[in-house]
Amino acid sequence: MFIFDAHLDLAMNAMEWNRDLTWSVADIRRSEAGMTDKPDRGKNTVSFDAMRTGNIGICMATQIARYVKKGNPLPGWHSPHQAWAQTQAQLSWYRAMEEIGELVQITDVDTLDTHLEYWKNTDGKKAIGYILSLEGADSIITLDHLHRSYEEGLRAIGPAHYGPGTYAFGTNASGGIGVKGKELLKEIEKLNLILDATHLCDQSFWETMAVYEGPIWASHNNCRALVNHHRQFSDEQLNELIQREAVIGVVLDAWMMVPNWVRGQSTPKSMNCSLEQIIDNIDHICQLTGNSNHVGIGTDLDGGFGTEQSPMDIDTIADLQKIPELLKKRGYSEMDIVNIMHGNFIAFLKRTWK
């Protein structure tokens, strides 16, 4: 089954974790043996080879760099200019991967269709298609920087990440979008960028819904009805997105999959965290809509965590191929499974870009 993954922090892993994604997952793990600077050292799940093995032919690939003002305890850059420079370093890495045939950028319907045909009809090593997404807009110094990013292929943007941001408030924060946020949303609409609602706190989410009329999705979000934390979306929020023809990508971060997860203490095995909970989230969204047209996969694998905080039946990203059979066992049809694994996100892009 062809897979579209709506959220992977590839460049972050390359530029901040210093992982060479042209290596195998096993080689990256061996290279990190004994390292303790990050909790997921030696527990990565993503490499280009693992993506190819899992038939993950397209992903939304992020740029991410948080700007933190004085007094903000979160990790990040001390000026928006530093944050911008970090996103440009990440962009340079994506370009370098294009030059050696590991990646190919997708920016419109023509390049999307061309890549789908290429992936279907090419044998051997294939270049993985990537669409550029910005997670958290703090690095956008001015609206001119947004236009520059668009010219480089940026096609989706999340106004906030964790904490208070320049344009909106994100996870573990509370606040609205303000004047700068509204100006950013207006420009996002003009450019026909996809607004990624993921990470918006409740107040920023609803204030955004009141003023934004462009294309919107949630690249990596689970259901608050199943894990009661504000990082997930409530049924009311999910229904708002569904009414706007959005797609919600379910995320494989264990603390968002099972209740009462304690970071650094809980383990996937002790909490019985498996892909079954991902199917629960998929099913919950499908039951809200009465169909399979508004849910997809947005794994966030290696998004600051590894196998220590992933479903216990995931060793590498290639194990996403277990999902179709699990959906089949729940009574999902072949067409439903196609929709969920790639069809919904691809159809969304074609509608948005046509």
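Rules behind the numbers
Residues numbered from 1 in each chain as written. Predicted model: local features only at pLDDT ≥ 70, side-chain atom pairs only at ≥ 80, totals over all residues. Heavy atoms only, no water. Salt bridge = Lys/Arg side-chain N within 4 Å of Asp/Glu carboxyl O. Helix = DSSP H or I, 4+ residues; strand = E, 2+ residues; numbered from the N terminus. Buried < 20%, exposed > 50% of the residue type's maximum accessible area, 1.4 Å probe, protein only. Core = buried A, V, L, I, M, F, W, Y, C linked by side-chain atoms within 4.5 Å. Contact = heavy atoms within 4.5 Å.

## Things to note about the pattern of salt bridges
Opposite charge on two side chains makes pairing possible when the charged atoms of those side chains draw close. Per the stated rule, a full pass over the model turns up 20 salt bridges. In this structure, Arg-30 and Asp-27 form a salt bridge, with 2.3 Å as the shortest nitrogen-oxygen distance. Residue Arg-30 and its partner Asp-27 are located together in helix α2 (residues 25–31), separated by three residues, close to a single helical turn. With a relative accessible area of 56%, Arg-30 lands in the exposed category. Measuring nitrogen to oxygen at the nearest pair gives 2.4 Å for the salt bridge that ties Glu-102 to Arg-52.

## Describing the nonpolar core
One broad rule of soluble globular proteins: the nonpolar side chains tend to lie buried together. Judged by nonpolar contacts, the single largest core of 104 residues is most densely connected at Leu-10, Met-51, Trp-93 and Ile-282. Of all the elements, helix α12 (residues 334–353) adds the most residues to this core, at eight residues. Dropping the residues within four chain positions of it, Leu-10 is found in contact with Leu-21, Val-46, Phe-48, Met-51, Cys-59, Ala-61, Trp-93 and Tyr-94.

## Thoughts on unusual backbone geometry
The phi dihedral of Asn-192 falls on the positive side, at around 60°, and the residue is not glycine. Tracing the sequence through the fold places Asn-192 in the loop between α7 (178–191) and β6 (194–196). Located in the positive-phi region is Asn-260, a residue other than glycine, with phi close to 65°. Mapped onto the elements, Asn-260 comes out in the loop between β8 (248–250) and α10 (275–289).

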